[in-house]
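Next come the chains, spelled out residue by residue.
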2 protein chains.
Amino acid sequence: MSNDKVTSQDSPLSRFIAVIPAGGVGTRLWPLSRAAAPKFLHDLTGSGSTLLRATYDRLEPLAGNRVLVVTGVAHRAAVCRQLPEVQDGDLVLESEPKDSGAAIGLAAAILHQRDPDTIMGSFAADHVISPDGLFQDAVREAIHTAAAGKIVTIGIKPTHPSTGFGYIRSGNSLHIPGASSAQAVVEFVEKPDEDVAQQYVDSGEYVWNAGMFVAPVSLMLKHLEANQPELFNGLQEIAEAWDTPQRDEVTARIWPTLPKIAIDYAVAEPAAAAGDVAVVPGSFRWDDVGDFASVGRLNSAKEVDEVTVLGEGARVFTENASGVVVSDTKRVIALIGIKDVVIVDTPDALLVTTKQHSQRVKQAVDALKASGDTDVL
Amino acid sequence: MSNDKVTSQDSPLSRFIAVIPAGGVGTRLWPLSRAAAPKFLHDLTGSGSTLLRATYDRLEPLAGNRVLVVTGVAHRAAVCRQLPEVQDGDLVLESEPKDSGAAIGLAAAILHQRDPDTIMGSFAADHVISPDGLFQDAVREAIHTAAAGKIVTIGIKPTHPSTGFGYIRSGNSLHIPGASSAQAVVEFVEKPDEDVAQQYVDSGEYVWNAGMFVAPVSLMLKHLEANQPELFNGLQEIAEAWDTPQRDEVTARIWPTLPKIAIDYAVAEPAAAAGDVAVVPGSFRWDDVGDFASVGRLNSAKEVDEVTVLGEGARVFTENASGVVVSDTKRVIALIGIKDVVIVDTPDALLVTTKQHSQRVKQAVDALKASGDTDVL
């Protein structure tokens, strides 16, 4: 979209612009995912697309090329290779990580500066969703709901009592035209223990908080200003300079001074308390690819016997083995008599664990960091 | 020793020359051991020496530098790097593998040509033995026994009813001065099943056949000539040319025509039947390093938690893991929640198996061969 103004037309859908925050190292997917090559730059599903590219393609029917990407300055080249459609002014580069409040808030402020009627939708670059059609249906409902003056989260109907996600408690139906499933949000709740998670699922009132939302940028900024005035003022100053020759100078000066806060605390929860948040439950399949067990489940790539193999150059030989192999090399990998194994083979680091232990990869990375082996992190 | 004649002196020990057959790919130690870098060129014990070098050093107090090495032509440079002491004429290079009958027979024929009174001792380059003193004591007894006109195997007192080795049944004591433990050999027997192995161990009459023997070269050749006249004649022709300018020409012409037969069938078993074979039981620790479980047991290298780590550049991080890691790279290897694992990490191939399955590596290599992935074999 560059510097062209987006003209508001009759349908709220024409006001929609997608924001893709592309951050997060994905520590639990080490050594595949790491600071220099985070999760969103990998093809974790064997689809042939990176997660980032798949996210863009999923949004394209709704947003066209009206997409803003927020990422770390280190990933500029990689993101541009993945998304050649994205113009310079639509690539927000964080010189240092400032959490989601600043990242998404700046996107909102830039879009508001360009057109205050914009409805933004924020979708992380490293989630896996299918089928695209059901996702797009939910986003369309969310856009209609946002046009009625709501910050709209897209919740995921739980398939099991997960203790790994936060939940959203939904309330009354909002009866919004074009958004038949939109409901008020009663509250956001933190990750529950197993019993509580089971109660949530049984009640039918709760959906998973997948961190996806659609909202009028003006409403986003209203709550941001009320709750985080310092952050709001800084972002506003950057946004005013964004489409001018002063962009780099102002950003370089202001960004490092911004407070770090998650968008949940800066906007979503206070807005929910004020009755300004709605939820559209999505019935599509959603996975945040939190660990390698998840990579194994999601994968549509080749199976060698009972081993899921991910990686184009992979040359895997198995005998009486099962599990997941993620290969980032062209080495021959032979698995003999080993079950439910998770092997991640990269040029400078090798992980061998089991599906059951794949959540513990984060601790391993922390230990490597502590031991000074940071070259492979 | 080069081309100098070795003068026979009073003690049989002065007639001793060591032969080291350095062959065998060690398929069950793939991908560490392979055609281009066989087992004997690796340090599998964490001692800092390759198995070949350790074999030489173990024999040096007995043989000095009077050592003949038989190896494949492909390993010439590597063997010379490991054993700079070995002169050109004492390095027998096989242009193609011809089994142990030709390899050891040629060594015998060359040594006989130089001095018919020589007592040779043949010791594979890829076994692990300790302590050296007990081994040398056994070899000394074997030399005295050989001087009395015997082909003398050095058997290993079994520590358990192994089904992986052949056994030697020993008979009456031979009462040879300087060789108090030398006994007649009743018979060689093939690898037994478990019950039979247990009977062998219980009887106290059996020792493991470790393939080590000491013998007068003249007696070796006498039996070889009687049993394998074609092989004997070919070897004799090469041996006569060996220390002359015709060595290469004659060897290149004759070697490819030689029959393939194991020294056991060509010499040892017929000699045993003729009553010409004795055994000296060795009480040293002996291991033919048949698989990675064995590598783990033998290793005196560093332990990271419960993981035995082999490899100078290894950077291993473990959490709740046990097993063996053999690293031929400098990659970080992280093991999380995986037990009794065997990991062999080389630049172009990775093996992941368990201690229980480490004997099945050979089948994996066969399968890789069948699939055409021969570049890593």
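Parameters at a glance
- Residues numbered from 1 in each chain as written.
- Chains lettered and ligands numbered in written order.
- Predicted model: local features only at pLDDT ≥ 70, side-chain atom pairs only at ≥ 80, totals over all residues.
- Heavy atoms only, no water.
- Helix = DSSP H or I, 4+ residues; strand = E, 2+ residues; numbered from the N terminus.
- Contact = heavy atoms within 4.5 Å.
- Axes fitted to C-alpha atoms, helices over the stretch in contact; angles between N-to-C directions.
- Parallel < 35°, antiparallel > 145°, perpendicular 65-115°, else oblique.
- Left-handed = near helix turned anticlockwise from the far one by under 90°.
- Pairing = 2+ DSSP bridges.
- Buried area = accessible area lost by both parts, 1.4 Å probe.
- Polar contact = N/O pair within 3.5 Å; in protein donor to acceptor, adjacent residues only side chain to side chain.
- Nonpolar A, V, L, I, M, F, W, Y, C, P; charged D, E, K, R; others polar.
- Patch = residues over 30% accessible without salt bridge, like charges linked within 9 Å, V, L, I, M, F, W, Y side chains within 5 Å.
- Areas by Shrake-Rupley, 256 points an atom, 1.4 Å probe, with all protein chains shown as cover.
- Salt bridge = Lys/Arg side-chain N within 4 Å of Asp/Glu carboxyl O.
- Lys, Arg positive; Asp, Glu negative; His and termini not counted.
- Charge placed at Lys NZ, Arg CZ, Asp CG, Glu CD.
- Buried < 20%, exposed > 50% of the residue type's maximum accessible area, 1.4 Å probe, protein only.
- UniProt positions renumbered as here; feature names shortened; annotations may be inferred.
- pLDDT = per-residue confidence, 0-100.

## Some words on the environment of A142 of chain B
Here A142 of chain B lies in helix α4 (residues 132-147). Excluding residues that lie within four positions of it along the chain, A142 of chain B makes contacts with V152, I154, V214 and V280 of chain B.

## So, the packing of helix α7 (residues 229-242) of chain B against helix α8 (residues 247-254) of chain B
Residue and element names in this part refer to chain B. Two elements in contact, α7 and α8, have axes whose closest approach is 8 Å; the angle formed by their N-to-C orientations is 165 degrees. As the angle between them shows, α7 and α8 are arranged roughly antiparallel. Our pair here, α7 against α8, has a crossing hand that is left-handed. Across the interface between the two elements, G234, E237, I238, A241 and W242 from α7 touch R247, V250, T251, R253 and I254 from α8.

## What to know about the sheet that holds strand β12 (residues 303-304) of chain B
Strand-to-strand pairing in sheets goes through backbone hydrogen bonds, with the strands running parallel or antiparallel. Pairing is mixed in the open sheet, where seven strands are placed in the order β14(A)-β16(A)-β18(B)-β17(B)-β15(B)-β13(B)-β12(B). Every other strand in the sheet has two partners, leaving β14 (315-319) of chain A together with β12 of chain B as the edge strands with one partner each. Pairing geometry for strand β13 (residues 306-310) of chain B and strand β15 (residues 322-327) of chain B, over five bridges, is parallel. Bridge pairing in β15 of chain B links L310 of chain B to V326 of chain B. Here helix α11 (residues 361-371) of chain B sits on the sheet and contacts β14 and β16 (332-336) of chain A together with β18 (349-354) of chain B; the angle it forms with β14 of chain A, its principal contact strand, is near 135 degrees.

## Comments concerning the interface of chain A and chain B
Note on interface size: it is often stated as the accessible area lost on association of the parts. Across the contact, 35 residues belong to chain A and 35 residues belong to chain B. Roughly 2700 Å² of surface becomes buried between chain A and chain B when both sides are summed, with 59% attributable to carbon and sulfur atoms. When residues of chain A are sorted by the area they lose upon contact with chain B, R331, I336 and L350 of chain A head the list and together hold 24% of the total. Counting across the chain A and chain B interface gives 22 residue pairs in polar contact (both at pLDDT 80 or more). Going through the elements one at a time, β14, β16, β17 (341-345), β18 (349-354) and α11 (361-371) of chain A are the ones with two or more residues in the side of chain A that touches chain B. Ranked by the residues each element gives to the side of chain A that touches chain B, the list is headed by β18 of chain A, at six residues. For the side of chain A that touches chain B, the class distribution of residues is 20 nonpolar, seven polar and eight charged. Pairing analysis gives five bridges linking β16 of chain A to β18 of chain B, with the strands arranged parallel. Residue pairing for β18 of chain B: L335 of chain A is matched across the bridge by V352 of chain B.

## Comments concerning a negative patch on the surface
A surface patch of negative charge is lined by E303, D305, E306 and D340 of chain A. Looking at E303 of chain A, the relative accessible area reads 46%, which means it is partly exposed.

## What to know about the UniProt feature "domain: Nucleotidyl transferase" (unreviewed entry) in chain A
UniProt tags residues 18-298 of chain A as "domain: Nucleotidyl transferase" (unreviewed entry). Taken end to end, residues 18-298 of chain A has its terminal C-alpha atoms 25 Å apart, with 40% of it in helix and 22% in strand.

## A word on the side chain of S327 of chain B
Residue and element names in this part refer to chain B. Within the fold, S327 resides in strand β15. Take S327: its relative accessible area is 6%, and that puts it in the buried class. Here the side chain of S327 touches T329 through a polar contact of 2.9 Å, landing on its backbone oxygen. Apart from the residues lying within four places of it in its own chain, the contact partners of S327 are L310, G311, A314, I333 and D345.

## Looking at the pairing of strand β6 (residues 151-156) of chain B
Residues and elements named next belong to chain B. Judged by how many residues are buried, β6 sits mostly within the fold: six of six residues are covered. Every second residue of β6 is oriented toward a common face, with I151, T153 and G155 on one face and V152, I154 and I156 on the other, all of them buried. Pairing between β6 and strand β10 (residues 277-282): six bridges, direction parallel. Its bridge partner being in β10, T153 is matched across the sheet by V279. One ladder, built from four bridges, connects β6 with strand β9 (residues 206-216); its direction is antiparallel. For V152, the partnering residue across the bridge sits in β9 and is V214.

## Considering the confidence of the model for chain A
Here chain A averages 91 in pLDDT, and 97% of its residues register 70 or above. Across residues 1-8 of chain A, where pLDDT falls below 50, the model places 23 contacts with residues more than four positions away in sequence or in other chains.

## Some words on the sheet that holds strand β13 (residues 306-310) of chain A
Read from one edge of the open sheet, seven strands run β12(A)-β13(A)-β15(A)-β17(A)-β18(A)-β16(B)-β14(B), paired in mixed fashion. Strand pairing shows two members of the sheet lacking a second neighbour, β12 (303-304) of chain A together with β14 (315-319) of chain B, which therefore form its edges. α11 of chain A contacts β18 of chain A together with β14 and β16 (332-336) of chain B of the sheet and is inclined by roughly 135 degrees relative to β14 of chain B.

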